[in-house]
Amino acid sequence: MKKEPDQKKLAALVKGIIEELGEDPAREGLRKTPERVAKSLTFLTRGYRQNLKKVVNGAYFESGTNHMVVLKDIELYSMCEHHMLPFYGKCAIGYISKGQVLGVSKLARIVDMFARRLQIQERLTEEIANAVMDETGAEGVGVVIKAKHLCMMMRGVEKQNSEMVTSAVLGSFREDAKVREEFMSLVK
Ligand code: ZN
C-alpha cells in the first residue's frame, strides 16, 4: 500500500503547472486552486491506499445455490493513465459462487478501489474480475465495463459519442460458452 500524498508538495506542483500554462496562481479565483486540486487528486487516487481485504471486510453470506449473481449499472469513475483525464461509465459484474456470496455493496467498493487510480480500462476490467474471483472463490466471474473517455471526447480525435466496451471472463465464464452467453445477455 502506498503512503498518503504530501498535500503541500502536491499543491506546489499544481501551482507550477498553472504558472507554466501562463496563468497567474495569485489571482483571486486561482489562489486556493493548488490545494483544492491536491485534495481532489488524492481522493481520485485513493484506491492506491486501499486494500482488498479491508474493503471487503468479511462481508460474505452463505448461499445454497450456485446460480449466477449479476450486479449491473455500477457507476464507475476513473482516470486514464495516458492523459490523466477522467473516463466514466458503468460496470457489470457476474459470478457463480460455490456457496459463498459477497454483499452487493462490496462489489461496488471493489470497483471503486481499482477505479480510483490511474488506469486503462482494459486493466481495470481484469483487476476487478481477479479481485472478485479471489474474494469469492467463485467458479467463474465475468466483468463488463462500458465507458466514455474524456481524452477522446475533449481532445485528440474528439469523438463525442464513442463508448469503449471491455470484458474479462474467468473460470467457467471463460470455459463454458453457455455460461458466458447467459452473462452477456443479462448485462446487455
Ligand atoms: Zn487517455
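These figures come from a predicted structure and were not determined experimentally. (Residues numbered from 1 in each chain as written. Predicted model: local features only at pLDDT ≥ 70, side-chain atom pairs only at ≥ 80, totals over all residues. Heavy atoms only, no water.)

> Is there a simple way to explain the coordination of the zinc ion in this structure?
Cys80 (SG), His83 (ND1) and Cys151 (SG) make up the full set of protein donors to the zinc ion, lying at 2.2 to 2.3 Å. Between consecutive donors of the zinc ion, the numbers of intervening residues give the motif C-x2-H-x67-C. Of this pair, cysteine 80 sits in strand S2 (residues 68–80) while cysteine 151 sits in helix H6 (residues 150–153), and the two are 71 residues apart along the sequence. Accessibility expressed as a relative area gives 5% for cysteine 80, which makes it buried. (Donors = N, O, S within 2.8 Å, 3.2 Å for Na, K, Ca; no water. Helix = DSSP H or I, 4+ residues; strand = E, 2+ residues; numbered from the N terminus. Buried < 20%, exposed > 50% of the residue type's maximum accessible area, 1.4 Å probe, protein only.)

> Can you help me understand the pattern of salt bridges in this one?
Any two side chains of opposite charge can pair if their charged atoms end up close together. The full count for this structure, using the stated rule, is 6 salt bridges. Taking the shortest distance from any N to any O, the salt bridge between glutamate 28 and arginine 31 comes out at 2.6 Å. Taking relative accessible area as the criterion, glutamate 28 reaches 61% and is therefore assigned exposed. A salt bridge links glutamate 135 to lysine 53, with the nearest nitrogen and oxygen atoms 2.7 Å apart. Of the two residues, glutamate 135 is situated in helix H5 (residues 121–136) and lysine 53 in helix H3 (residues 52–56); the sequence distance between them amounts to 82 residues. Given the relative accessible area of 59%, lysine 53 is considered exposed. (Salt bridge = Lys/Arg side-chain N within 4 Å of Asp/Glu carboxyl O.)

> Looking at this model, I keep getting lost on the environment of serine 97. Mind explaining?
Along the chain, serine 97 falls in the loop between strand S3 (86–96) and strand S4 (100–102). Taking C-alpha positions, serine 97 is 46 Å from valine 14, a pair spaced 83 residues apart along the chain. Each residue touching serine 97, except ones within four places of it in the same chain, is listed here: Thr65, Asn66, His67 and Ala138. From its side chain, serine 97 meets the backbone nitrogen of glycine 99 in a polar contact 3.1 Å long. (Contact = heavy atoms within 4.5 Å. Polar contact = N/O pair within 3.5 Å; in protein donor to acceptor, adjacent residues only side chain to side chain.)

> Would you mind showing me how to read the packing of aromatic side chains here?
Two descriptors summarise a pair of aromatic rings, namely the distance from one centre to the other and the angle between the planes of the rings. All chains considered together, the criterion is met by 2 aromatic pairs. Between tyrosine 77 and tyrosine 88, the aromatic rings sit 6.5 Å apart at their centres with planes inclined by 20°, giving stacked as the arrangement. Remark: tyrosine 88 occurs in strand S3 and tyrosine 77 occurs in strand S2; sequence separation between them is 11 residues. Ring centres of phenylalanine 173 and phenylalanine 183 lie 5.4 Å apart, and the angle between their planes is 65°; this geometry places the pair in the edge-to-face category. Highlighted residues: phenylalanine 173 in helix H7 (residues 172–175) and phenylalanine 183 in helix H8 (residues 177–187), separated in sequence by 10 residues. Neither residue differs from the other here; phenylalanine 173 and phenylalanine 183 are each classed as buried. The ring of phenylalanine 43 carries the charged tip of arginine 46 above its face, separated from the ring centre by 4.2 Å. (Phe/Tyr/Trp six-rings, centres within 6.5 Å; stacked < 30°, edge-to-face > 60°. Lys NZ or Arg CZ within 6 Å of the ring centre and 35° of its normal.)

> I'm lost on the nonpolar core in this one. Help?
In a soluble, globular protein the nonpolar side chains are often hidden away together inside. Cys91, Ile93, Ile110 and Ile128 are the most contacted members of the largest nonpolar core, which has 32 residues in total. Per element, the largest residue contribution to this core is 6 residues, and it comes from helix H4 (residues 104–115). Counting residues in hydrophobic clusters, the runner-up holds 9 residues, among them Ile96, Val144, Val169 and Val187. (Core = buried A, V, L, I, M, F, W, Y, C linked by side-chain atoms within 4.5 Å.)

> Help me understand helix H1 (residues 7–20), please; the structure alone is not making it clear to me.
What sets the pattern is the α-helix's 3.6 residues per turn: residues three or four places apart point alike. The terminal C-alpha atoms of H1, which comprises 14 residues, lie 20 Å apart, in line with the 20 Å expected from a rise of 1.5 Å per residue. All buried positions along H1 are accounted for by Ala11, Val14 and Ile18. In a view along the axis of H1, the buried residues occupy a sector of 60°, so they form one face of it. Away from its buried face by more than 90 degrees, H1 exposes Lys9, Leu13 and Glu20. With a side-chain oxygen positioned 3.0 Å from the backbone nitrogen of lysine 8, the residue opening H1 is aspartate 6. Trailing H1 by a residue or two, glycine 22 shows a phi angle of about 95°, which is positive. (Expected span 1.5 Å × (residues − 1). Arc of directions from axis to C-beta.)

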